[in-house]
Amino acid sequence: MTPEELRELTVLDAAFTIRVRRVPARIEEVFPSLTVEKVAQVWKRVNQFESVTFGWGAEFMDLVYRRDLDDESRERAFTQLEERHDREYEERWSDFSRSSRSAGEGRGQIANR
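These notes cover the structure that comes with them.

About the thresholds
- Residues numbered from 1 in each chain as written.
- Predicted model: local features only at pLDDT ≥ 70, side-chain atom pairs only at ≥ 80, totals over all residues.
- Heavy atoms only, no water.
- Helix = DSSP H or I, 4+ residues; strand = E, 2+ residues; numbered from the N terminus.
- Buried < 20%, exposed > 50% of the residue type's maximum accessible area, 1.4 Å probe, protein only.
- Contact = heavy atoms within 4.5 Å.
- Areas by Shrake-Rupley, 256 points an atom, 1.4 Å probe, with all protein chains shown as cover.
- Core = buried A, V, L, I, M, F, W, Y, C linked by side-chain atoms within 4.5 Å.
- Axes fitted to C-alpha atoms, helices over the stretch in contact; angles between N-to-C directions.
- Parallel < 35°, antiparallel > 145°, perpendicular 65-115°, else oblique.
- Left-handed = near helix turned anticlockwise from the far one by under 90°.
- Nonpolar A, V, L, I, M, F, W, Y, C, P; charged D, E, K, R; others polar.
- Phe/Tyr/Trp six-rings, centres within 6.5 Å; stacked < 30°, edge-to-face > 60°.
- Patch = residues over 30% accessible without salt bridge, like charges linked within 9 Å, V, L, I, M, F, W, Y side chains within 5 Å.
- Salt bridge = Lys/Arg side-chain N within 4 Å of Asp/Glu carboxyl O.

1. Side note on the overall build of the protein chain
Then step 1. Tallying secondary structure elements over the protein chain gives six helices and zero strands in all.
Then step 2. Looking at the 113 residues of the protein chain, the share that counts as buried comes to 36%.
Then step 3. Taking the contacts inside the protein chain whose residues are at least 6 apart along the sequence as the reference set, 58% of them involve residues at least 24 apart.
Then step 4. Counting only carbon and sulfur atoms, one obtains 49% of the accessible surface of the protein chain, whose full area is about 7200 Å².

2. A few points about the nonpolar core
Then step 1. One finds L6, I18, I27, W43, V46, W93 and F96 to be the most contacted residues of the largest nonpolar core, which totals 22 residues.
Then step 2. Residue assignment for this core shows that the elements contributing at least two residues are α2 (11–20), α3 (27–30) and α4 (36–64).
Then step 3. Of the residues forming this core, the biggest block, seven residues, is contributed by α4.
Then step 4. In contact with V46, not counting residues within four places along its chain, are L12, A15, F16, R19 and F96.

3. Section: the packing of α2 against α4
Then step 1. Between α2 and α4, the least distance of the axes is 10 Å, while the angle of their chain directions is 60 degrees. It follows that α2 is oblique to α4 by the angle criterion. Judged by the sense of rotation from one axis to the other, the crossing of α2 with α4 is right-handed. Where α2 approaches α4, its residues V11, L12, A15, F16, I18 and R19 are matched on the opposing element by V42, W43, R45, V46, N47, F49, E50 and T53.
Then step 2. For the contact of α2 with α4, the class distribution of residues is nine nonpolar, two polar and three charged.

4. Re the side chain of T17
Then step 1. Mapped onto the secondary structure, T17 falls in helix α2.
Then step 2. Overall, the relative accessible area of 11% leaves T17 in the buried class.

5. Here we look at the packing of α4 against helix α5 (residues 71–92)
Then step 1. Remark: α4 packs on α5, axes separated minimally by 10 Å, with the N-to-C direction vectors making an angle of 170 degrees. Relative to α5, the element α4 lies roughly antiparallel. Facing α4, whose interface residues are R45, W56, E59, F60, L63 and V64, α5 presents R74, A77, F78, L81, R84, H85, E88, Y89 and R92.
Then step 2. Residues of the contact of α4 with α5, tallied by class, amount to eight nonpolar, one polar and six charged.

6. Things to note about the packing of aromatic side chains
Then step 1. Within the structure shown, the criterion is met by five aromatic pairs.
Then step 2. Ring geometry for F16 versus F96: centroids 6.0 Å apart, planes at 70 degrees, classification edge-to-face. Taken as a pair, F16 in helix α2 and F96 in the loop between α5 and α6 (98–111) lie far apart in primary sequence, 80 residues in all. Residues F16 and F96 agree in their burial class; the two are buried.

7. Looking at a nonpolar patch on the surface
Then step 1. Nonpolar side chains collect at one region of the surface, where F60, V64 and Y65 lie side by side and expose about 270 Å² of accessible area between them.
Then step 2. Turning to its location among the elements, Y65 is positioned in the loop between α4 and α5.
Then step 3. The class of Y65 is exposed, set by a relative accessible area of 55%.

Okay, structure coming up:
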């Protein structure tokens, strides 16, 4: 993504995108009006969100590889997991977009393969 494309996102989503997609940009370059303190706050929040979405990906992969579930049980477990993640997301992470959540889950899933 280019800095222009990142500017179309919220500051948090842009920072998360830079982190997850390893975009060669700095948040200070994308949003030059940010103070040093604000940049530190943004990265702290991104780190918190990243650790949670990483956990979501790990939980998903745990279900993928469970051998004791038949197809119907596995589908029900995925549905319950998705509902719980949606509740957690709405309660704590609504300042990030759903696409950021999906990006974080994908990174966690890849790391657990």
